[in-house]
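# Working through the structure, step by step
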Amino acid sequence: MTESALKYVASPVLLLARNTFFHHFLVFFIIFLQIFEKCCTFAENLVSVVMDTSKYPCLGALIGDTVGSIYEFDNIKSVDFQPLFDKRAEYTDDSIMTIAVADWLAHTGRTRDELEDRLVYWAEHFPCPMGGYGGGFRTWLFSPERLCDFKGNRYKDGRRHPYNSYGNGSAMRASACGWVAHSLEEALDLGKRSAEITHNHPEGIKGAQATATAIFMARQGESKDAIRTYIEQTFGYDLQHTCDEIRPTYDWEASCQGTVPPALIAFFDSHDFEESIRLAVSLGGDSDTLACITGGIAQAYYKEIPDEIINEMKMRLPKEFWEVMEDLAQ
Ligand SMILES: [Mg+2]
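Residues numbered from 1 in each chain as written. Predicted model: local features only at pLDDT ≥ 70, side-chain atom pairs only at ≥ 80, totals over all residues.

## Things to note about the overall build of the protein
Of regular secondary structure, the protein possesses 17 helices and 2 strands. The burial tally for the protein puts 44% of its 330 residues in the buried class. Sequence separation of at least 24 residues holds for 73% of the intrachain contacts in the protein that already meet a minimum separation of 6. (Helix = DSSP H or I, 4+ residues; strand = E, 2+ residues; numbered from the N terminus. Buried ≥ 20, exposed ≤ 12 C-beta atoms within 10 Å, placed from the backbone. Contact = placed C-beta atoms within 7 Å.)

## A look at the packing of helix H13 (residues 256–269) against helix H15 (residues 287–302)
One can describe the packing of H13 onto H15 by two numbers: an axis separation of 8 Å at closest approach and a directional angle of 50 degrees. Compared by their axis directions, H13 and H15 come out oblique. The two elements H13 and H15 meet at a crossing, and its hand is right-handed. Contacts between H13 and H15 involve Thr259, Val260, Pro262, Ala263, Ala266 and Phe267 from the first element and Thr289, Leu290, Ile293, Thr294, Ile297 and Ala298 from the second. Of the residues that constitute the contact of H13 with H15, the class distribution is 9 nonpolar, 3 polar and no charged. (Axes fitted to C-alpha atoms, helices over the stretch in contact; angles between N-to-C directions. Parallel < 35°, antiparallel > 145°, perpendicular 65-115°, else oblique. Left-handed = near helix turned anticlockwise from the far one by under 90°. Nonpolar A, V, L, I, M, F, W, Y, C, P; charged D, E, K, R; others polar.)

## A short note on unusual backbone geometry
Pro83 follows Gln82 through a cis peptide bond whose omega is -10 degrees. Topologically, Pro83 is positioned in the loop between helix H3 (59–68) and helix H4 (93–107). Even without being a glycine, Cys58 presents a positive backbone phi close to 85 degrees. Structurally, the position occupied by Cys58 is in the loop between strand S1 (50–52) and H3. Residue Cys58 is classed as buried on the basis of its C-beta count, with 31 C-beta atoms lying within 10 Å. With a phi close to 70 degrees, Lys303 is a non-glycine residue in the positive phi region. Taking the C-beta count within 10 Å as the criterion, Lys303 has 16 such neighbours and is therefore assigned partly exposed.

## Description of the nonpolar core
With 87 residues, the main nonpolar core has Ala102 and Leu328 as its most contacted residues. With residues near it in sequence (within four places) discarded, Ala102 still touches Cys58, Ala176, Val324, Met325 and Leu328. (Core = buried A, V, L, I, M, F, W, Y, C linked by C-beta atoms within 7 Å.)

## What about the confidence of the model for the protein?
Overall, the prediction assigns the protein a mean pLDDT of 90, with 88% of residues at 70 or greater. A low-confidence stretch, residues 41–48 stays under pLDDT 50, and its non-local contacts, those more than four residues away or across chains, total 1 contact. (pLDDT = per-residue confidence, 0-100.)

## Things to note about the environment of Pro306
Among the secondary structure elements, Pro306 is positioned in strand S2 (residues 304–306). Looking at Pro306, the number of C-beta atoms within 10 Å reads 16, which means it is partly exposed. Spatially, the C-alpha atoms of Pro306 and Glu274 are 8.1 Å apart, while their sequence positions differ by 32 residues.

## Some points on the packing of helix H10 (residues 202–219) against H15
In a packed pair of helices, the relevant descriptors are the angle between the two axes and the axis-to-axis distance. H15 packs onto H10 with a crossing angle of 20 degrees between their chain directions and a minimal axis gap of 7 Å. Put simply, H10 runs roughly parallel to H15. Crossing of H10 against H15: the hand is right-handed. Counted together, Thr211, Ala214, Ile215, Ala218 and Arg219 of H10 and Ile293, Gly296, Ile297, Ala300 and Tyr301 of H15 form the full contact between these two elements. For the contact of H10 with H15, the per-class residue count stands at 7 nonpolar, 2 polar and 1 charged.

## Details of the environment of Tyr166
The residue Tyr166 is located in the loop between helix H6 (135–142) and helix H7 (169–172) in this model. Classification of Tyr166 as buried rests on a count of 22 C-beta atoms within 10 Å. Between the alpha carbons of Tyr166 and Asn200 there is a distance of 7.4 Å; along the sequence they are 34 residues apart. Discounting residues that sit within four places of it in the chain, Tyr166 has contacts with His199, His201, Glu203, Gly204, Ser255, Cys256 and Gln257.

## Here's the deal with the environment of Arg138
Relative to the helices and strands, Arg138 is located in helix H6. Between the C-alpha atoms of Arg138 and Pro127, which are 11 residues apart in sequence, the distance is 9.6 Å.

## Some remarks on H4
Helix length check: H4 (15 residues) gives 21 Å between terminal C-alpha atoms against 21 Å at 1.5 Å per residue, within 8%. Buried residues dominate H4, accounting for 14 of its 15 residues. (Expected span 1.5 Å × (residues − 1).)

## Some details on helix H5 (residues 112–125)
With 14 residues, H5 extends 20 Å from end C-alpha to end C-alpha; this agrees with the ideal 20 Å at 1.5 Å per step. Looking at H5, one finds that the buried residues are Leu115, Arg118, Leu119, Trp122 and Ala123. Buried residues of H5 fall within an arc of 125 degrees about the axis and therefore sit on the same side. Seen from the open side of H5, the exposed residues pointing more than 90 degrees away from its buried face are Asp113, Glu124 and His125. At its buried positions, H5 is contacted by H4, H6 and helix H9 (184–196). (Arc of directions from axis to C-beta.)

See the structure below:
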């Protein structure tokens, strides 16, 4: 632009700027714009504090696993840990296997062989998650030739056999069963089948079934009292305690029967999704798995999860996990 052209453009602006009325108008206009922007942000926050998460079944389980991940071997006996998502927090094997079961339910004919295929597929794609895979399950996944029967003899066929486990791995991966079931009977059946491929001990199966049925009942709008009564009567768990009663003496525990009842109690004691996760972590023990089970049930019950929590998860989960959850919701 030439000098004369610049003068041509600038002179009216300078003239206007010297005008007191225009100057005041400009100042007020800028202040108005700033106030308008703040009002828009406030209104946006008001309408999107929480998000309906039915599009992402199982997300609550993955959130609990992620939040609890850093406390699994460094327990914190408090609900007031800050921030909710530590910068070191990551999804662990609990999330990967939850997605594997969700994939089995969403994309296959739900046979035993297809479940084995999906569990192995996801483990091979995510072989070294934070905390790793449990010992027995790692053998089942990666060294099936070392599996032994109940007498301690190695199987000769090199195939993957269940190993009579009652570890909490069956419960932590079962949440999708509760999301797709159309009846309590179906939740029980899917929970059993998702577990017994590895965890064929009665307690291993019960843990998966209790998680699946609690989620199914929560989805149906059943009350906490109804869920508590059903789980107690069906599986024989003692759920007549509170987190405050359990917390002082609760220690590291990897069995279904030692993990599922406290995870359920954390849900019963809570008043919203975030509190359920904080309560589960505050018990100590296998924090990520406790919070994974609690979070799965709490999502189904409370329906909504704060946006800020979803946004944290968007930064932490691989896109494949989101895709499986979306497909499961179809
Ligand atoms: Mg874990």
